[in-house]
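Spelled out, the chains give:
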Amino acid sequence: MMNKHTFWMRLLPLSFIMLLLSGCGEERLTALDPYGPQAEWILDNLILSLYVMAVVIIVVFALYFIAVVKFRRKPGDNEYPKQVEGSKTLELTWTIIPIFLLAILAVPTITGTYYFADTTPQASGSSGEGEGEGVTIDVTGHQYWWQFDYQEGFTAGNEVYIPVGERVEFTLTAEDVIHSFWVPALGGKIDAIPGIENRLWLEADEPGIYKGKCAELCGPSHALMDFKVVALERDEYNSWVETMAAEPAEPEEGTTASDGRQVFEDQGCIGCHAVGGQGSAQGPTLTNFSDRETIAGVVEYNEENLEAWIRDPDSFKQGNNMQAYPDMEDQDMDALLDYLDTLEVEQPAIGRQIETDGSDRIEEPQNE
């Protein structure tokens with residue numbers, strides 16, 4: 001049998017590895033590295049709570065060890081210790097101290113509740129100074145993707161664009177089951193519930209790509225219900241909005257992409273995926289599909305993965321509602337892939353890229 005010494009010696013390296021791994025995580029996908037005022041508030045109060053809990057733990061353990069050492073039973077000591085039952089001093093002490101500690105946490109909690117509840121969009125950021133109307137975006141959670149409807153009359157899927165330094169209001173609901181909208185680096189999370197509208201505001205301090213998650217168990221592919229918040233400078237954001245709201249350019253006649261557009265219609269894809277407002281929005285809108293870095297929010301965007309997704313989407317996201325096309329002719333598939341690759345709206349001024357090492361950034365466009 002393994003003795004206790006051997007057991008603890010084997011457990012020690014495993015504990016050390018777990019401690020190291022606890023510090024790992026994706027960039028801009030943690031509440032411990034805030035990029036917005038709401039996320040900063042959450043982190044500050046998280047640290048405050050840790051300080052309060054640390055004081056409580058230190059005091060409790062100190063009293064415990066003092067009692068163990070000082071008041072332990074000694075040889076020949078058969079007397080009963082002094083009984084303190086009903087002591088008003090002790091009763092007041094262990095009543096007043098917790099009230100004081102709770103008050104330390106209650107004051108910022110109450111003020112923060114009102115701070116978060118003010119979802120009024122502000123075009124100039126949290127200060128409320130400046131000109132221009134704020135941005136409001138309607139969010140609908142589906143199994144397993146996110147729909148973003150803009151006031152300008154267009155829809156985006158799985159990637160939501162916002163202007164930097166401005167408080168953006170999100171109005172959330174769900175189509176099927178309860179989901180939870182969470183962008184850890186920008187703020188707290190809130191449930192998206194069928195038949196109910198909840199509101200949340202977020203603000204990004206810097207341009208970049210912030211990763212979001214569904215934080216409510218909503219089915220077998222819950223863990224894959226990812227999305228991205230793309231924060232752009234105001235002029236780049238305006239350019240993106242204008243292009244998204246404009247009529248999409250049709251592929252040139254006689255090209256493979258034009259044939260792919262016909263395949264897109266013949267196979268019924270347009271019955272679920274709208275392009276530039278044309279078609280149904282039962283599935284993610286594809287107006288800017290080729291601008292995205294991922295397919296279905298989780299798979300790297302490339303031709304091989306896209307074909308595999310179309311032929312068997314359930315192998316990527318179990319339980320999703322995407323229709324499979326395992327028997328589509330190769331010629332039709334190639335044409336469809338070419339057409340989907342033409343669905344882009346980004347302007348050169350946006351210049352969004354993701355570095356090959358996985359970090360996100362906004363790059364200035366290079367003149368060619």
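A few points on the structure. (Residues numbered from 1 in each chain as written. Predicted model: local features only at pLDDT ≥ 70, side-chain atom pairs only at ≥ 80, totals over all residues. Heavy atoms only, no water.)

### Quick word on the overall build of the protein
- A tally of helices and strands in the protein yields 7 helices and 14 strands.
- Expressed as a percentage of the 368 residues in the protein, the buried residues total 39%.
- A separation of at least 24 residues holds for 63% of the contacts in the protein among residues at least 6 apart in sequence.
- Split by element, the accessible area of the protein, about 21,700 Å² in all, is 56% carbon and sulfur. (Helix = DSSP H or I, 4+ residues; strand = E, 2+ residues; numbered from the N terminus. Buried < 20%, exposed > 50% of the residue type's maximum accessible area, 1.4 Å probe, protein only. Contact = heavy atoms within 4.5 Å. Areas by Shrake-Rupley, 256 points an atom, 1.4 Å probe, with all protein chains shown as cover.)

### A short note on the packing of helix α2 (residues 37-70) against helix α3 (residues 88-117)
- Where α2 meets α3, the axes come as close as 10 Å, and the angle between the chain directions of the two elements is 170°. One way to sum up the angle between α2 and α3 is to call them roughly antiparallel. Packed against α2, whose contacting residues are Pro37, Gln38, Trp41, Ile42, Asn45, Leu48, Ser49, Val52 and Val56, the element α3 presents Leu101, Ile104, Leu105, Pro108, Thr109, Gly112, Tyr115 and Phe116 at the interface. (Axes fitted to C-alpha atoms, helices over the stretch in contact; angles between N-to-C directions. Parallel < 35°, antiparallel > 145°, perpendicular 65-115°, else oblique.)

### Some thoughts on the nonpolar core
- In this structure, Ile137, Phe148, Tyr150, Phe170 and Phe181 are the most contacted members of the largest nonpolar core, which totals 42 residues.
- Per-element accounting of this core gives the leading share, 5 residues, to strand β10 (residues 226-232).
- Not counting the four nearest positions on each side in its chain, Phe148 is found in contact with Ile137, Asp138, Val139, Phe154, Thr155, Ala156, Gly157, Asn158, Glu159, Val160, Phe181 and Phe227.
- Membership of the second largest hydrophobic core comes to 21 residues, among which are Phe264, Val275, Ala296 and Leu336. (Core = buried A, V, L, I, M, F, W, Y, C linked by side-chain atoms within 4.5 Å.)

### With respect to helix α5 (residues 256-266)
- Regarding α5, the residues found buried are Ala257, Ser258, Gly260, Arg261, Val263 and Phe264.
- Buried residues belonging to α5 abut α7 (330-341).
- Just past α5, the residue Gly268 takes up positive phi, approximately 85°.

### Some words on the sheet that holds β10
- Here we have 5 strands laid out as an open sheet, ordered β4-β10-β9-β6-β7, and mixed in their pairing. Each edge of the sheet is formed by a strand with only one pairing partner; in this case those strands are β4 (159-163) and β7 (189-192). When the angles between neighbouring strand axes are averaged without regard to direction, this sheet yields 25°.
- Judged from the 2 bridges that link them, strand β6 (residues 179-182) and strand β9 (residues 208-214) form a sheet pairing that is antiparallel. Opposite Trp182, over in β9, you have Lys213 as the bridge partner.
- Helix-sheet contacts for helix α4 (residues 234-245) involve β4 and β10, and the interaxial angle to β4 is about 135°. (Pairing = 2+ DSSP bridges.)

### Some words on unusual backbone geometry
- Residue Gln143 is joined to Tyr144 through a cis peptide bond whose omega torsion reads 0°.
- Structurally, the position occupied by Tyr144 is in the loop between β1 (135-142) and β2 (145-150).
- Backbone geometry places Asn158, a non-glycine residue, at a positive phi of 70°.
- Following the sequence through the fold, Asn158 ends up in the loop between β3 (155-157) and β4.

### Examining the sheet that holds β2
- Ordered in space as β3-β2-β1-β5-β8, the 5 strands form an open sheet in which the pairing is mixed. Single-partner strands in this sheet number two, and they are β3 and β8 (198-202). Pairwise comparison of adjacent strand axes, ignoring direction, gives a mean angle of 25° for this sheet.
- Of the strand pairs in this sheet, β1 and β2 are connected by 6 bridges, and their pairing is antiparallel. In the sheet register, Val139 faces β2, and the bridge partner there is Phe148.

### Some thoughts on the pairing of β7
- Where β6 lies against β7, 4 bridges are found, and the strand directions are antiparallel. Each residue of the ladder has a partner; that of Ser180, found in β7, is Asp191.

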